[in-house]
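A structural walkthrough
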Amino acid sequence: HASKACPLSLHLIFCASDFDAGTIMSAISDLLQTLATELLARNLKLVTAESCTGGMIAAACTDLAGSSQWFECGFVTYSNTAKQRDLGVPAEILNAHGAVSEATVKAMVAGAARFGDVSIAVSGIAGPGGAVAGKPVGTVWIGCGSEAAQRVNLFQFDGDRDAVRQQSVAKALEMLLGFVNDCDQ
């Protein structure tokens, strides 16, 4: 497996060939500490909307003591029915684009944010099965934002199911931290 050149981000280095669960868990912990401080300073409440991560973001958030001051609630919307019912994702978006798509995750962000101030949404194919044409295992759409403004990015993570899910959690937290900090600009 050839080594990839990976750009440095503010907080994390994502290089799937160098994936290490201990490193990613440490990064998640560090990100959460910083995110908690920023959300508290701005008096913002976070809501999560998760599919392939199955509540891992919400669990990581609530593992942090004092999270009730900045964490509102989390949705695990694994099925399309749950995405529609709980987050208000239109059936037309799901039918036209599928659950693992930019449009769906953007709608998940906006729908979740109705219950708080900012939200994170994740939908992807963690594997080992589930791949479809154009969407291989490791394809994950991650979004963050508010009802008014959403940021959504596509990621292709390598590794097994756990690796894909852990990388998704870390990248989602990193994206939200960037969104919250950019709101001050």
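Quick note: structure is the one above.
I will try to describe carefully the structure that is included in this document. Note that the structure is a prediction, hence the values are computed from the model and not measured.

What counts, and where the lines are drawn
Numbers given to residues run from 1 along each chain, matching the order in which its sequence is written. Only residues with pLDDT of 70 or above have their local features reported here, since the model is predicted, and side-chain atom pairs are shown and tallied only from 80 upward, although totals for entire chains, interfaces and linings are computed over all residues. Side-chain metrics rest on all non-hydrogen atoms present in the structure, leaving aside hydrogens and water. Criterion for a salt bridge: a side-chain nitrogen of Lys or Arg within 4 Å of a carboxyl oxygen of Asp or Glu. Relative accessibility under 20% of the residue-type maximum defines a buried residue, over 50% an exposed one, and the middle range a partly exposed one, all with a 1.4 Å probe and only protein chains included. Elements are defined by DSSP. Helices are runs of H or I of four residues or more, strands are runs of E of two residues or more, and each kind is numbered from the N terminus. How far a helix is expected to stretch is found by multiplying one less than its residue total by 1.5 Å. Two N or O atoms form a polar contact when they lie within 3.5 Å of each other; inside protein one atom must be a possible hydrogen donor and the other a possible acceptor, and for residues adjacent in sequence the pair counts only when both atoms belong to side chains. Only buried residues count toward a nonpolar core. Its members are Ala, Val, Leu, Ile, Met, Phe, Trp, Tyr and Cys residues joined through side-chain atoms within 4.5 Å. Should any heavy atoms of two residues lie within 4.5 Å, those residues are considered in contact. Axis angles are defined between N-to-C directions and span 0 to 180 degrees, where every axis is a line fitted to C-alpha atoms and, for a helix, only to the segment in contact. The sense of a crossing depends on the near helix, which, turned anticlockwise from the far helix by less than a right angle, makes the crossing left-handed and, turned clockwise, makes it right-handed. A strand pair is defined by DSSP finding two or more bridges across the two strands. Stacked, edge-to-face and tilted labels apply to pairs of Phe, Tyr and Trp rings (six-membered ring for Trp) whose centres lie within 6.5 Å, assigned for plane angles under 30 degrees, over 60, and everything in between, in that order.

**Topic: the pattern of salt bridges**
Scanning the entire structure with this criterion turns up 4 salt bridges. A salt bridge links Glu-38 to Arg-42, with the shortest nitrogen-to-oxygen separation between them at 2.4 Å. Of the residues examined, Arg-42 reaches a relative accessible area of 23% and is grouped as partly exposed. In this structure, Asp-86 and Arg-85 form a salt bridge, with 2.9 Å as the shortest nitrogen-oxygen distance.

**Concerning helix H6 (residues 161–182)**
An α-helical turn contains 3.6 residues, so a residue and the one three or four places further along point in the same direction. When the terminal C-alpha atoms of H6 are compared, their 31 Å separation across 22 residues agrees well with the 32 Å that a helix rising 1.5 Å per residue should span. Counting buried positions along H6 gives 17 out of 22 residues, so the element sits mostly inside the fold. Two or three places before Asp-162, at the start of H6, stands the capping residue Asp-160, its side-chain oxygen 3.2 Å from that residue's backbone nitrogen.

**Some remarks on the nonpolar core**
One recurring pattern in soluble globular proteins is that nonpolar side chains are buried together. Counting residues in hydrophobic clusters, the biggest one holds 36 residues, and the most contacted among them are Leu-46, Trp-70, Leu-173 and Leu-176. Elements with a minimum of two residues in this core: helix H1 (21–41), helix H2 (56–63), strand S3 (118–124), strand S4 (139–145) and H6. For this core, the element with the most residues is H6, which contributes 10 residues. The contacts of Leu-46, once residues within four sequence positions are left out, are Leu-39, Cys-61, Trp-70, Phe-71, Glu-72, Cys-73, Val-118, Ser-119, Ile-120 and Leu-176. Core analysis: the second largest hydrophobic core is formed by 17 residues, Ala-49, Phe-75, Val-89 and Ala-99 among them.

**Focus: the packing of H2 against H6**
Running from N to C, H2 and H6 cross one another at 65°; their axes reach a closest spacing of 9 Å. At the point where H2 passes H6, the crossing takes the right-handed sense. Here Met-56, Ile-57 and Cys-61 of H2 lie close against H6, whose contacting residues are Arg-165, Gln-166, Val-169, Ala-172 and Leu-173.

**Some details on the pairing of S4**
Most of S4 is tucked away: 7 of the 7 residues are buried. By the bridge criterion, 7 bridges tie S4 to strand S5 (residues 150–156) in an arrangement that is antiparallel. If you follow Ile-142 over to S5, its bridge partner there is Asn-153. Hairpin connection between S4 and S5: a loop of 4 residues separates the two successive antiparallel strands.

**Quick word on the side chain of Glu-50**
Inspection of the secondary structure assignment puts Glu-50 in strand S1 (residues 46–50). The residues contacting Glu-50, other than those within four sequence positions of it, are Gly-55, Met-56, Ile-57, Ala-58, Phe-75, Val-76, Thr-77, Tyr-78, Met-108 and Val-122.

**Brief notes about the packing of aromatic side chains**
Applying the stated criterion across every chain yields a total of 3 aromatic pairs. A centroid spacing of 5.1 Å and a plane angle of 50° characterise the contact between Phe-75 and Phe-115, whose relative ring orientation is tilted. Within this pair, whereas Phe-75 is found in strand S2 (residues 71–76), its partner Phe-115 is found in the loop between helix H5 (102–113) and S3, the two being separated by 40 residues in sequence. Of the residues examined, Phe-75 reaches a relative accessible area of 17% and is grouped as buried. With centroids separated by 5.5 Å and ring planes inclined at 5°, the aromatic side chains of Phe-155 and Phe-157 adopt a geometry described as stacked. Assessed through its relative accessible area of 16%, Phe-155 is described here as buried.

**Quick word on the sheet that holds S2**
If you walk across this open sheet you meet the 5 strands as S2-S1-S3-S4-S5, and the pairing is mixed. Pairing within the sheet leaves two strands with one partner each, and these edge strands are S2 and S5. In this sheet, neighbouring strand axes are inclined to one another by 10° on average, regardless of whether the strands run parallel or antiparallel. Alignment of S3 against S4, held across 6 bridges, turns out to be antiparallel. Residue pairing across strands places Ala-121 opposite Gly-143, the latter belonging to S4. Packing of H6 onto the sheet brings it into contact with S1, S3, S4 and S5, and relative to S4 it is tilted by some 25°.

This is a description of form; function is not addressed.
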